[in-house]
Amino acid sequence: MSSNSAEDDQRSKQEALEACSEFHRELIQCFRERSSLFGSPCQAEQKTFWDCYQRERGKAGTVVRETVTSWFQKRKVSSQKAQTERQKDR
């Protein structure tokens, strides 16, 4: 990522956070007031904030999709390697 691209990305994050600051404040307040080891009592607040943030950045779903896809690709490669090793051991 070039310096200019990194700066643009950081600016985009900051602008999205500013645009969604009220939802972010509500989410942080929820975490402070209703924090729990069991489950997540702040799911509605999380969804509202992240929907706003991703919409403002113009990347709705992109980060999650890329992360999940990357994880599955790594898992698939790892599984294929293990299967090849098992076949060699036979």
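Let us look at the structure shown here.

The rules behind the values
Residues numbered from 1 in each chain as written. Predicted model: local features only at pLDDT ≥ 70, side-chain atom pairs only at ≥ 80, totals over all residues. Heavy atoms only, no water. Axes fitted to C-alpha atoms, helices over the stretch in contact; angles between N-to-C directions. Helix = DSSP H or I, 4+ residues; strand = E, 2+ residues; numbered from the N terminus. Parallel < 35°, antiparallel > 145°, perpendicular 65-115°, else oblique. Left-handed = near helix turned anticlockwise from the far one by under 90°. Contact = heavy atoms within 4.5 Å. Nonpolar A, V, L, I, M, F, W, Y, C, P; charged D, E, K, R; others polar. Disulfide = S-S within 2.5 Å. Buried < 20%, exposed > 50% of the residue type's maximum accessible area, 1.4 Å probe, protein only.

For the pair helix H2 (residues 21-34) and helix H3 (residues 43-57), interaxial distance at closest approach is 9 Å and the crossing angle is 155°. Overall, the two elements H2 and H3 adopt an arrangement that is roughly antiparallel. As for the relative orientation of H2 and H3, their crossing is left-handed in sense. When H2 is examined against H3, the residues Phe23, His24, Glu26, Leu27, Cys30, Phe31 and Arg34 are found in contact with a partner set consisting of Glu45, Gln46, Thr48, Phe49 and Cys52. Taken together, the residues that form the contact of H2 with H3 break down as 6 nonpolar, 3 polar and 3 charged.

This paragraph deals with the state of the cysteines. Counted by the stated rule, this structure contains 2 disulfides. Bridging Cys20 to Cys52, the disulfide has an S-S length of 2.0 Å. Where Cys20 bonds to Cys52 through sulfur, the torsion about that S-S bond is close to -90°, and the disulfide is left-handed. Remark: Cys52 occurs in helix H3 and Cys20 occurs in the loop between helix H1 (3-19) and H2; sequence separation between them is 32 residues. On the basis of relative accessibility, which here comes to 0%, the residue Cys20 falls in the buried class.

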